[in-house]
Amino acid sequence: MLISPLIAEIEALYPGAEIDIVGSHATECLYASRFSVHTVFVLPPKIARHLWQSAGVLRALRRGRYDLAIDACNGSQSGRIVLALAQARYKLGFPDPKLNPASAWHALAWPDHLAHRSVFLLRQAYGVAKQPDYPPLNLDLTLEEKRAASSVMATLCGGVREQCGATVAIFPNATGAKCYSDDWWRSFVETFQSLCPQVRLVDLLAAHGRSQLGSRLPPFYSRNLRRMAAMMACMDGVISADCGVMHLAAASGTPTLGLFSVTDPAKYTPYGGANAALDTHGMDAAAVATAAAQWCSRLLSVRASAEMVSTSLDPAA
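Residues numbered from 1 in each chain as written. Predicted model: local features only at pLDDT ≥ 70, side-chain atom pairs only at ≥ 80, totals over all residues. Heavy atoms only, no water.

I'd like to hear about helix H7 (residues 182-195), residue by residue, with values.
Relative to the 20 Å expected for 14 residues at 1.5 Å per residue, H7 spans 20 Å between its end C-alpha atoms, a close match to the ideal helical length. Residues of H7 that are buried: Trp184, Trp185, Phe188, Val189, Thr191 and Phe192. (Helix = DSSP H or I, 4+ residues; strand = E, 2+ residues; numbered from the N terminus. Expected span 1.5 Å × (residues − 1). Buried < 20%, exposed > 50% of the residue type's maximum accessible area, 1.4 Å probe, protein only.)

Here it is, written out as structure tokens:
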């Protein structure tokens, strides 16, 4: 998801350009249907274990002739290899501080957020680096995807979607030390519900398909990332541990609160709009839930104010 701002930047700078992407099956699911994307070259998850398959993908990439090739991942060895193999008139990548310590790139005040760095790199090359804003994470969901998800959401809520009130999804899974325990999340849910009883919570299940919230909430499960994003687009908010689904939620356009316990929020925060990051160091589940409830209350207050203004301006009201 962190390359979606770069794709948006390319679309803005070069309208009508066709974009090929080298990535995973998840990349293919996320971007294959995007209008500007021509081909997604899918590499296997364990390249060293699938050398022949990987070689075939790279040979197909080599057959292309590109005007521009970009290594969008700072510090990725595989990204540098792909950039070296691509046949392109111009190539952009992040210089290695050890192999190329004299590069002017190292002296630049490049942004902290990883989603901004490749955009900054392109802007430096294009000569528009002083622009202060960056494109948001954006999955470019279709109206059909959102309508289908809205129908499912109505079923989850037990009635018409508009009668459900506020709905917030919780995604409690993450990898390694970023993952909070099941007991931690259950305490979080109890506190949050006591503070925001008007909010309906939905349990977004991880790939393993098991509830980490004690099966107390309406669940939703899908291994299709666009389908999950479309469901989150129907929510009023998403609360997630620091993980890929957190970025997916932000890219769906739904206000997202990311909970950070290990990584640096400056590098991975869901930015823009009402998105926010919460550093949970030194906080127990109840304290985190209290902060999340305050964030959610502000969201609902802003939404209610906007609806009142809309109603007052509607001549048919």
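What follows continues from the structure just given.
If you had to explain the pattern of salt bridges to someone new, which residues and values would you point to?
Opposite charge on two side chains permits them to pair, given that their charged atoms come into close proximity. Enumeration over the complete set of coordinates arrives at five salt bridges. Measuring nitrogen to oxygen at the nearest pair gives 2.8 Å for the salt bridge that ties Arg226 to Glu145. Placement of Arg226 in helix H8 (residues 225-233) and of Glu145 in helix H6 (residues 143-157) is noted, with a sequence separation of 81 residues between them. Under the relative-accessibility criterion, Arg226 is labelled buried at 7%. Put simply, Arg186 and Asp183 hold a salt bridge, and the shortest N to O gap is 3.6 Å. Taken as a pair, Arg186 and Asp183 lie in helix H7 at a separation of three residues, close to a single helical turn. Here Arg186 falls in the partly exposed class, since its relative accessible area comes to 32%. The exposed category is assigned to Asp183, whose relative accessible area is 57%. (Salt bridge = Lys/Arg side-chain N within 4 Å of Asp/Glu carboxyl O.)

How would you summarise the nonpolar core if you had to cite specific residues and measurements?
Counting 77 residues, the largest nonpolar core has Trp185, Phe188, Phe192, Val199, Ile239 and Leu259 as its most contacted members. If you tally residues by element for this core, the top one is helix H11 (residues 285-313), at nine residues. Every residue in contact with Phe188, bar those within four places of it in the chain, is listed here: Ile170, Ile239, Leu259, Ala285, Val288, Ala289 and Ala292. By size, the runner-up hydrophobic cluster in this structure holds five residues, among which are Phe41, Leu43, Val57 and Val82. (Core = buried A, V, L, I, M, F, W, Y, C linked by side-chain atoms within 4.5 Å. Contact = heavy atoms within 4.5 Å.)

For the packing of helix H1 (residues 4-13) against helix H5 (residues 114-126), give the residues involved together with the corresponding values.
Each pair of packed helices gets described by two things: the angle between the helix axes and the distance between those axes. Closest axis-to-axis distance for the H1/H5 pair is 8 Å, and the angle between their directions is 25 degrees. In terms of axis orientation, H1 runs roughly parallel to H5. Of the residues in H5, those touching H1 at Pro5, Leu6, Glu9, Ile10 and Leu13 are Ala115, Ser118, Val119, Leu122, Arg123 and Tyr126. The class makeup of the residues in the contact of H1 with H5 is eight nonpolar, one polar and two charged. (Axes fitted to C-alpha atoms, helices over the stretch in contact; angles between N-to-C directions. Parallel < 35°, antiparallel > 145°, perpendicular 65-115°, else oblique. Nonpolar A, V, L, I, M, F, W, Y, C, P; charged D, E, K, R; others polar.)

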